[in-house]
Amino acid sequence: MASTAQNIFGPHGQALGALTEATREAIRRGQPGYTAQRGAAFLSFQARIASELLNHSVITANRYTAWFAQGKQNEAQIKAFVVQFSVFSNQFLIAQLNKTINADTLEGMRASKQILANELGVTFRKPGESRSTTGVRPTRFDPDHAGIEGSVQGGVFHFEAGHFEWLWTIAAHLGLGFGDIGHRRHGTPSTLYFCDELIRLYGGENYEISQAASYAVENWAAAGFWKQLIEGFKRYNGHHGTRIPAGFFVWHDRVEAQHARHTQEELEEYYFQTALNEDDFIRFGNEMLDAVGAFWAGLDAQRAALS
Ligand SMILES: [Fe+2]
C-alpha cells in the first residue's frame, strides 16, 4: 500500500484525499476491511451515487416546494398541505419503529430509537446541559428553541414536544380540527403510497435496503426544501396578516443541517464494514426517492385542483 503520513493513494496511484480522515487513518493502520483498493472503490461508488441517485429530480427540482416558497397559496391549499404532512408525520412513526426493531446492531437500534423518541416528544440534551435549557419555557414548549444537538439520553419528555403536536398547532391556527389531520383516511393516494414505501424500504427487514433508503431520505431532507417551506409560511403570513407558527419546519431545517454532515461519514463507514451491493444500493435509493417524488407530485396536483 502506497501511503505516507499525509497522503494515501489507490492501486492506480489515484489520490484518496476525498475520504474522511477517519477512513484514511484506518487504511494507514491496515484496519480489517480498510485497504487503499477499497478506498478507491468507494470513491468511484460515490461518483456513481452523485450521477445515478443524488441527481434525482426530487432533490434537484421540486416543483411543489419551489411554488410553496412564493407564499401565494390560498387557504385551502395551505390547509391541504398541512393535512398531507400530518399524515406523513404519523406514518413516519411506524416506519421509524420498524427501523428500530429491524436494526441489526445495538448501536443501530439506539440511533433509530433516538429519532423515534424525539419525534414522540423527548428533547435532545447535550451532556452536562441542565434540564431547564432543553427548549422548555415556564408556560409552554417552544420548538424554535428546542435543542438539535446531544441525545435523548437523559432528555425530558413533553407532550408538546412531539413533532405531531407542532403540526397540530399549525393546523389549529388554520381552523382545522384535531379530527381533520393525521389519519390515513386523510391521506391522498400519493401521500399513502409514499408512507407505505417508507415503511417497506426505510423500515424494512432487509438492512441493506433500509440503509439505501435511509441515505436517500437523508439527502432529500438536506436538499433545502425545509427552507422553502419556512419561506412560504413567512410570506403567507405576510400576505394574510396571520401568525401561523412555523416552528415545526424551522426545527427540522436546523436539525437537517447537522444531519447532512453525518450522512456521508455513515455511508463511508458502512461501505468499508460490509460487502455492499452497489447496484442494489442505487436501485433501492432511487425507489425511495421515487416515492418521495410521488408525495410532492401529489401535493402539486392537489394545489392545482384547489387553485
Ligand atoms: Fe420530525
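Residues numbered from 1 in each chain as written. Predicted model: local features only at pLDDT ≥ 70, side-chain atom pairs only at ≥ 80, totals over all residues. Heavy atoms only, no water.

### With respect to helix α6 (residues 106-120)
Under the convention used in this document: Where helices and strands are cited, they refer to DSSP runs of H or I of at least four residues and of E of at least two residues respectively, numbered from the N terminus. A helix is expected to span 1.5 Å for every residue after the first. With a 1.4 Å probe rolled over the protein chains alone, any residue whose accessible area is under 20% of its type maximum counts as buried; one over 50% counts as exposed, and the rest are partly exposed.
Taking 1.5 Å of rise per residue, the 15 residues of α6 would be expected to cover 21 Å, and the 21 Å separating its terminal C-alpha atoms lies within 8% of that figure. Of the positions making up α6, those classed as buried are Gly 108, Ser 112, Leu 116, Ala 117, Asn 118 and Glu 119. At the C-terminal side of α6, Gly 121 shows a positive phi close to 130°.

### A look at the coordination of the iron ion
Formally: We call an atom a donor if it is N, O or S and sits within 2.8 Å of the metal, or 3.2 Å for Na, K and Ca. Water is not counted, so some sites may look partial.
Only Glu 119 (OE), His 163 (ND1) and His 252 (NE2) from the protein reach the iron ion as donors, at distances of 2.0 to 2.2 Å. In primary sequence terms, the donor set of the iron ion follows E-x43-H-x88-H. Here Glu 119 is found in helix α6, whereas its partner His 252 is found in helix α11 (residues 247-273), with 133 residues between them in sequence. Relative accessible area serves as the criterion here: at 12%, Glu 119 is assigned to the buried category.

### With respect to the pattern of salt bridges
To be explicit about the condition: Just to be clear on terms, a salt bridge is a Lys or Arg side-chain nitrogen sitting within 4 Å of an Asp or Glu carboxyl oxygen.
What the rule picks out here adds up to 15 salt bridges. One salt bridge connects Arg 63 with Asp 300, and the closest N-O pair in it is separated by 2.6 Å. Highlighted residues: Arg 63 in helix α4 (residues 63-68) and Asp 300 in helix α12 (residues 278-305), separated in sequence by 237 residues. When its relative accessible area of 63% is taken as the criterion, Arg 63 is described as exposed. Classification of Asp 300 as buried rests on a relative accessible area of 7%. We note a salt bridge from Glu 197 to Arg 200, for which the minimum N-O separation is 2.8 Å. Highlighted residues: Glu 197 and Arg 200, both in helix α8 (residues 189-202), separated by three residues, approximately one helical turn. In this structure, a network of salt bridges that share partners links the residues Glu 21, Arg 24, Glu 25, Arg 28 and Arg 29.

### Regarding a nonpolar patch on the surface
This is how it is decided: In this analysis, a patch consists of residues with relative accessible area above 30% that form no salt bridge, clustered at 9 Å for like charges and at 5 Å for the nonpolar side chains Val, Leu, Ile, Met, Phe, Trp and Tyr. Per-residue accessibility takes into account occlusion by the displayed protein chains alone, with areas from the Shrake-Rupley method and a 1.4 Å probe.
Nonpolar side chains collect at one region of the surface, where Leu 120, Phe 157 and Phe 159 lie side by side and expose about 330 Å² of accessible area between them. Tracing the sequence through the fold places Phe 159 in the loop between α6 and α7 (163-173). Accessibility expressed as a relative area gives 57% for Phe 159, which makes it exposed.

### Let's talk about the packing of aromatic side chains
How we decide: The criterion for an aromatic pair is that two Phe, Tyr or Trp rings (for Trp, the six-membered ring) have centres within 6.5 Å, with stacked assigned to planes under 30 degrees apart, edge-to-face to planes over 60 apart and tilted to the rest. Whether a charge lies above a ring is judged from NZ of Lys or CZ of Arg, which has to be within 6 Å of the ring centre and within 35 degrees of the ring normal.
Using the criterion set out here, one finds 45 aromatic pairs in the structure. For the pair Phe 85 and Trp 226, a centre-to-centre distance of 5.9 Å together with 65° between the ring planes defines the contact as edge-to-face. You can see Phe 85 sitting in helix α5 (residues 75-102) and its partner Trp 226 sitting in helix α10 (residues 225-240), a full 141 residues away along the chain. The pair formed by Phe 85 and Trp 226 is uniform in burial state, with each residue classed as buried. Measuring from centroid to centroid gives 6.1 Å for Tyr 207 and Tyr 270, while their planes differ by 75°, and the two rings are edge-to-face. Here Tyr 207, found in helix α9 (residues 207-221), pairs with Tyr 270, found in helix α11; they are 63 residues apart in sequence, far enough to count as distant. For Tyr 207, a relative accessible area of 24% puts it in the partly exposed group. On the accessibility criterion, Tyr 270 (11% relative accessible area) is buried. In this arrangement the basic side chain of Arg 38 is found over the ring face of Tyr 271, its NZ or CZ atom lying 4.0 Å from the centre. The ring of Tyr 202 has Lys 99 lying over it, and the distance from NZ or CZ to the ring centre is 5.2 Å.

### Thoughts on the nonpolar core
Note the following rule: Remark: nonpolar core denotes a set of buried residues (Ala, Val, Leu, Ile, Met, Phe, Trp, Tyr, Cys) joined through side-chain atoms within 4.5 Å. Residue contacts are defined here by distance: any two heavy atoms, one from each residue, within 4.5 Å place the two residues in contact.
Membership of the largest hydrophobic core comes to 80 residues, with the highest contact counts inside it found for Phe 81, Phe 85, Trp 220, Phe 233, Phe 249, Met 288 and Trp 296. Excluding its chain neighbours within four sequence positions, the residues that come into contact with Phe 85 are Leu 167, Trp 226, Leu 229, Phe 248, Phe 249, Phe 295 and Trp 296.

### Regarding the side chain of Gln 211
Topologically, Gln 211 is positioned in helix α9. According to the relative accessible area criterion, Gln 211 is buried, its value standing at 17%. Sequence-distant contacts of Gln 211, that is, excluding residues within four places in its chain, are made with Lys 99, Tyr 270 and Phe 281.

### A short note on the confidence of the model for the chain
Keep this limit in mind: Every residue carries a pLDDT, the predictor's confidence in it, which falls somewhere between 0 and 100.
Mean pLDDT over the chain stands at 89; residues scoring 70 or higher make up 92%. Least confident of the elements in the chain is α11, whose mean pLDDT is 83; most confident is α8, at 98. Across residues 1-5, confidence stays below pLDDT 50; counting only partners more than four residues off in sequence or on other chains, it has seven contacts.

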